[in-house]
Amino acid sequence: MFMKTNSSLFQSILLLVHVSIYALFFSTAKTTQIQGFGIPFLRKAFSSGNKMSAESKAHVRNQLVPDPGLHGISSMQDIQHKIDEIRILQNQYSNADLYQRKWAPTHTPSATSTSADDSDSGSTLSVLQFNTLAQGLSAGPIPSPFDTNSDHDTNSLKALYGGFTDIPHPEVTLDFQLRKWRLMEVLLGADISSAGETSTQHEANHGCGLYDVIAMEEVDQFHGFFKPLLNMLGYQGRFVPKPNSPCIMSGYFSDGCAFFWKSSVLELVNERRYSYQQGNQVYLILTMRHLETGKIMIFAVTHLKAGKGVDMEVLRTAQVEELMQRLEGSVSSAARDQGVELNDIPVILMGDFNSDIREEESCIRRIIDKEDASSCPWTSAYEIDPPDSSLFTTWKIRGDTTQQRIIDYIFCNAKNVDGFECTHTLDVPNEDELEPTKFPGFKYPSDHLAIGAKFRVTKS
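Residues numbered from 1 in each chain as written. Predicted model: local features only at pLDDT ≥ 70, side-chain atom pairs only at ≥ 80, totals over all residues. Heavy atoms only, no water.

Undergrad: What's the story with the overall build of the protein in this structure? I'm lost.
TA: For the protein, the helix and strand inventory stands at 10 helices and 17 strands. Expressed as a percentage of its 460 residues, the buried residues of the protein come to 54%. Across the protein, every contact between residues at least 6 apart in sequence was considered, and the portion connecting residues at least 24 apart equals 77%. Counting only carbon and sulfur atoms, one obtains 50% of the accessible surface of the protein, whose full area is about 19500 Å². (Helix = DSSP H or I, 4+ residues; strand = E, 2+ residues; numbered from the N terminus. Buried < 20%, exposed > 50% of the residue type's maximum accessible area, 1.4 Å probe, protein only. Contact = heavy atoms within 4.5 Å. Areas by Shrake-Rupley, 256 points an atom, 1.4 Å probe, with all protein chains shown as cover.)

Shown next, in the form of C-alpha cells:
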C-alpha cells in the first residue's frame, strides 16, 4: 500500500505495470480477434457514383475471447470483490465513491392507472440507459491492440485520453483495466440509495443486478467483458457494432450499441440489427415477451451521429425518421404475428441521441411532437419539455470547452398503451456534489450519466 505523499512514484510504477499488462493482453488479442466485412445488418445502398466499396464501408473488429481480467471471476461475490478492490485503489488518489442517487416518482400516472405507490397493481420493470465511453475513445499513451488508421489524427484534442486531460490522474481514472469495473458498478446499481429498503428488498434489488433491462452505447468490449459478466448474473445480451467505428481508427475494437435483459423477466421473440442509411450509426430493435404479464413489448437502443450545428441536426433527424418507421413496422409486425392489438404493445426507446431538446432544430422534436393519428405518440420518461433546470445527462470539460447537455433519453408510448406507465426516474446528482472537472472522474466512470426509469406493466 502507498501514501499520497509518494503518489508520483506510485503513478510511475502503476503506469509501467499497466503497460506490461496491456502488452500481454494485446499480444493475445491480436491472435484471437477477427476483422469482419459485409455483415448482413450492415448492408447499405451504395450509389454507383460512390467509389468506396461496400467492403471498405463495413469494417468491423470484434473481441471474441474473454478478457484475461475475468480469470477467477465466476459469481456476483467475485465481481463485487473486484469492484471493491478497484475502488479502494482509486480512493488512494481521491474520493472514488459513486454519486448516490435515488428513484424519484414521476407524479404523472395515466388516467386509467392506479396510484403510483400501489406496488400490487402490476409488475415493475426497471431500465437503464448508459453511454459507457468506449476504451477506443478514451485511451491514454499506451500500446493499442491494433495499428492505428492512417487517417487517425494523433495531434487532435481527443487523441489523448479522449481530450479529458484536465481530470485528475487520467492514467488511473481512464485506465480501462480499472474503469471497466467501475462501469460494472454502475450497471449493477451500486449507486442507488438503499435507504428505506429492508435487507430482503436490498438483496432482491441489488443481489444480481438492479435493472431488468440495460441499454448501452460506445461499447467496444461486449464479447470479451460485459457479456460474460452479465451472463453470470442472469442476463442475455445482443450487440450491433458500427460499420466503421472510430475506435478502429485509433487501433481498438469496434464500438456499438448493446442491449441486455434479465432472462427471468423477459423472453426474446424477435430481434433486428440495423445500420442507418445515412451516417455510421446503428440501432437494435427487439421484440420481447414480459413473462409475468405475458405482454409483448418492443425495446430499441440507438446512438445517433455526434456533432453540433444545423447540418448535424438534419442528419440526426433523418436517422430518427428511419428509426421511427422501423419501430412502427415492428409494432405492426408484432401485433400481427402475436395476435395482439396495436395499443397493447408497450415500446421503450433508449439511447444517446446527441441532440439537446433545448437547441435549435433538435431532432428530439421529431419524436415527442409527433401526434398524427397514424403514428405512435411518444413521451419522455424524464420531464424534458421544458426540462428541469437541474437535469443533465453529460457534463464534460475538454480543453477550454465545457458542455452541459441533455442528450441521453428514455422514450415510451405509454400515452397510447393500456396497462403501461412510467412511475419513477433516477435523479441526477446536484452540481455541488460534482468533481471540479465534472465527468468522467474518480466518482463516475463515463462522460455520460446513466439515466433510468421504472415502468408499471399490467395485464390487459
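Undergrad: How do you make sense of the sheet that holds strand β3 (residues 103-105) when you look at a structure like this?
TA: Strand pairing in a sheet is mediated by backbone hydrogen bonds. Such pairs are either parallel or antiparallel. Strand order in the open sheet made by the seven strands is β3-β16-β17-β4-β5-β7-β6, with mixed pairing throughout. Looking at the sheet topology across the chains shown, the edges are occupied by β3 and β6 (235-241). Each strand of the sheet is rotated relative to its neighbour by a mean of 25 degrees, with strand direction disregarded. Where β6 lies against strand β7 (residues 256-262), seven bridges are found, and the strand directions are antiparallel. When the sheet's bridge partners are listed, P241 is paired in β7 with G256. (Pairing = 2+ DSSP bridges. Axes fitted to C-alpha atoms, helices over the stretch in contact; angles between N-to-C directions.)

Undergrad: Would you take a moment to explain the sheet that holds strand β11 (residues 347-352) for this structure?
TA: A sheet is described by the order of its strands in space; here six strands give the open sequence β8-β9-β10-β11-β15-β12, paired in mixed fashion. The open sheet terminates on both sides in strands that have one partner only, identified here as β8 (266-275) and β12 (379-380). In this sheet, strand β15 (residues 408-412) lies alongside β12 in antiparallel orientation, the contact comprising two bridges. Counted as the bridge partner of S380 is F411 from β15. Sheet strands touched by helix α9 (residues 310-338): β8, β9 (282-290), β10 (296-303) and β11. Its angle to β9, the strand with the most contacts, is close to 25 degrees.

Undergrad: How should the confidence of the model for the protein be read in this particular structure?
TA: Note: predicted coordinates in regions of low pLDDT should not be interpreted at a detailed level. On average, residues of the protein score 85 in pLDDT, and 78% of them reach the 70 mark or higher. The low-confidence segment residues 1-56 (pLDDT under 50) makes 80 contacts with residues lying over four places distant or belonging to another chain. Segment residues 110-119 is flagged for pLDDT under 50; beyond a separation of four residues in sequence, or across chains, it makes 12 contacts in the model. (pLDDT = per-residue confidence, 0-100.)

Undergrad: Please clarify how the packing of helix α3 (residues 76-91) against helix α5 (residues 176-187) should be interpreted in this entry.
TA: Packing of α3 against α5 brings their axes to within 9 Å, and their N-to-C directions diverge by 120 degrees. Considered as vectors, α3 and α5 are oriented oblique to each other. Considering the relative orientation of α3 and α5, their crossing is left-handed. Between α3 and α5, the residues in contact are I79, K82, I83, I86, R87, L89 and Q90 and L178, W181, R182, M184 and E185, respectively. Looking at side-chain class alone, the contact of α3 with α5 contains seven nonpolar, one polar and four charged residues. (Parallel < 35°, antiparallel > 145°, perpendicular 65-115°, else oblique. Left-handed = near helix turned anticlockwise from the far one by under 90°. Nonpolar A, V, L, I, M, F, W, Y, C, P; charged D, E, K, R; others polar.)

Undergrad: For this particular structure, what's the right way to read the packing of α5 against helix α7 (residues 222-232)?
TA: When two helices pack together, their arrangement is captured by the angle between the axes and the distance separating the axes. Viewed as axis vectors pointing N to C, α5 and α7 meet at an angle of 40 degrees, and their least axial separation amounts to 11 Å. When the interaxial angle is binned, α5 and α7 end up oblique. In the packing of α5 onto α7, the handedness of the crossing is right-handed. For the pair formed by α5 and α7, the contact residues are K180, W181, L183, M184 and L187 on the first element and F225, F226, L229 and L230 on the second.

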